[in-house]
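Residue-level structure breakdown
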Amino acid sequence: MKILKKILLVIGILAIIGFTIIWDIADRGQFYSKHVPTDELNEFYMHKTSEQQEKAFEKNFGFGKYKFPREHVAKIKLFMNNFLTSRLTSKTVSELNKANLIAFFNNPNNFNWSETTWSLSESEYILRFYNKKNKEIGKVWLCLEGCGMTESEPFSPNMKYGGLSEIGKENLNFILNEILTE
């Protein structure tokens, strides 16, 4: 009977560890398909050429319906994209830097039309945006070193395809340094 209890205990511990690892990887990445609303799909993605698509994005720069993150932000947390420790090392962003980040992600001058292939696992940081009910309403992955790319949920045309412009890289690095030294 003691052997059975030990076996069940070991299986239970392994199951908890396995669940924690899978949850962490899924939480820091994106392992589900994104539903793109029909109006967004028609407005931004159903074009024959990239020039037409860029014009559709430009037409919606600053448009309230597609501003990031589309809801009032109560707080922002910065997470290092590290295996199993990202939640333990998170940092809540000050009100000033919260306003700076929201303004940054809604300014098309901080982004280029460039697009590269990269994986969300390559991002150094994850910014999570929360509403008053502490529900996550937005997420931005930041791949800075040698990449200069972002990925956001929800989508915003203000961020173009996610490539940072030179001024955008400088601005974002400045804001991140401010946050990290708070």
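Relevant structure appears above.
The rules behind each value
Residues numbered from 1 in each chain as written. Predicted model: local features only at pLDDT ≥ 70, side-chain atom pairs only at ≥ 80, totals over all residues. Heavy atoms only, no water. Phe/Tyr/Trp six-rings, centres within 6.5 Å; stacked < 30°, edge-to-face > 60°. Helix = DSSP H or I, 4+ residues; strand = E, 2+ residues; numbered from the N terminus. Buried < 20%, exposed > 50% of the residue type's maximum accessible area, 1.4 Å probe, protein only. Pairing = 2+ DSSP bridges. Polar contact = N/O pair within 3.5 Å; in protein donor to acceptor, adjacent residues only side chain to side chain. Contact = heavy atoms within 4.5 Å. Arc of directions from axis to C-beta. Core = buried A, V, L, I, M, F, W, Y, C linked by side-chain atoms within 4.5 Å. Axes fitted to C-alpha atoms, helices over the stretch in contact; angles between N-to-C directions. Parallel < 35°, antiparallel > 145°, perpendicular 65-115°, else oblique. Nonpolar A, V, L, I, M, F, W, Y, C, P; charged D, E, K, R; others polar.

**A closer look at the packing of aromatic side chains**
A complete count under the given rule lists 13 aromatic pairs for this structure. Taken together, a centroid distance of 5.0 Å and an interplanar angle of 85° make the contact between Phe44 and Tyr66 edge-to-face. Taken together, the residues Phe44 in helix α2 (residues 38-45) and Tyr66 in the loop between α3 (50-59) and β1 (75-80) connect sequence positions 22 residues apart. Classification of Tyr66 by relative accessible area gives buried; the value is 4%.

**A look at the pairing of strand β6 (residues 149-153)**
Of all five residues in β6, four are buried, a share of seventy percent or more. As paired strands, strand β5 (residues 136-143) and β6 are joined by five bridges and run antiparallel to one another. Bridging from a neighbouring strand, Val140 pairs with Ser152 of β6. Between β5 and β6, which pair antiparallel and follow one another directly, the connecting turn spans five residues, one of which, Gly146, has a positive phi of 70°.

**Things to note about the side chain of Asn131**
Its place among the elements puts Asn131 in the loop between β4 (125-130) and β5. In this structure the side chain of Asn131 is engaged in a polar contact, spanning 3.0 Å, whose partner is the backbone nitrogen of Lys135. Not counting residues up to four positions away in its chain, the partners in contact with Asn131 are Glu71, His72, Ala74 and Ile137.

**What about helix α4 (residues 95-105)?**
What α4 keeps buried is the set Asn97, Lys98, Leu101, Phe104 and Phe105. Buried residues along α4 cover an arc of 130° about the axis, so they all sit on one side. Residues of α4 that are exposed and point over 90 degrees away from its buried face: Glu95 and Leu96. Tucked into the core, α4 has its buried residues touching β1, β3 (111-112), β4, β5, β7 (163-164) and α5 (166-180).

**What to know about the nonpolar core**
Soluble, globular proteins show a tendency: their nonpolar side chains are buried together. Counting residues in hydrophobic clusters, the biggest one holds 22 residues, and the most contacted among them are Leu101, Phe105, Leu127, Phe129, Leu142, Leu172 and Leu176. Of all the secondary structure elements, the ones that give two or more residues to this core are β1, α4, β4, β5 and α5. Looking at this core element by element, the count peaks at four residues for α5. Apart from residues lying up to four places away in sequence, Leu176 is in contact with Leu78, Tyr125, Leu142 and Leu144. Listed in part, the nine residues of the second largest apolar core include Phe79, Trp118, Ile126 and Met149.

**Quick word on unusual backbone geometry**
For the bond from Phe68 to Pro69, the omega torsion is 0°, close enough to zero to count as cis. Structurally, Pro69 can be placed in the loop between α3 and β1. For the bond running from Glu153 to Pro154, omega is -5°, close enough to zero to count as cis. Tracing the backbone shows Pro154 in the loop between β6 and β7. At Arg70, a residue that is not glycine, the phi angle is positive and equals roughly 80°. Tracing the backbone through its elements, the reader meets Arg70 in the loop between α3 and β1. For Arg70, a relative accessible area of 33% gives the class partly exposed. Despite not being glycine, Lys160 has its phi angle at roughly 50°, a positive value.

**Focus on the packing of α2 against α3**
One can describe the packing of α2 onto α3 by two numbers: an axis separation of 8 Å at closest approach and a directional angle of 120°. Our classification of the angle between α2 and α3 gives oblique. Taking contact as the criterion, the partners of Glu43, Phe44 and Tyr45 in α2 are, on α3, Gln53, Ala56, Phe57 and Lys59. Looking at the contact of α2 with α3 residue by residue, the classes come out as four nonpolar, one polar and two charged.

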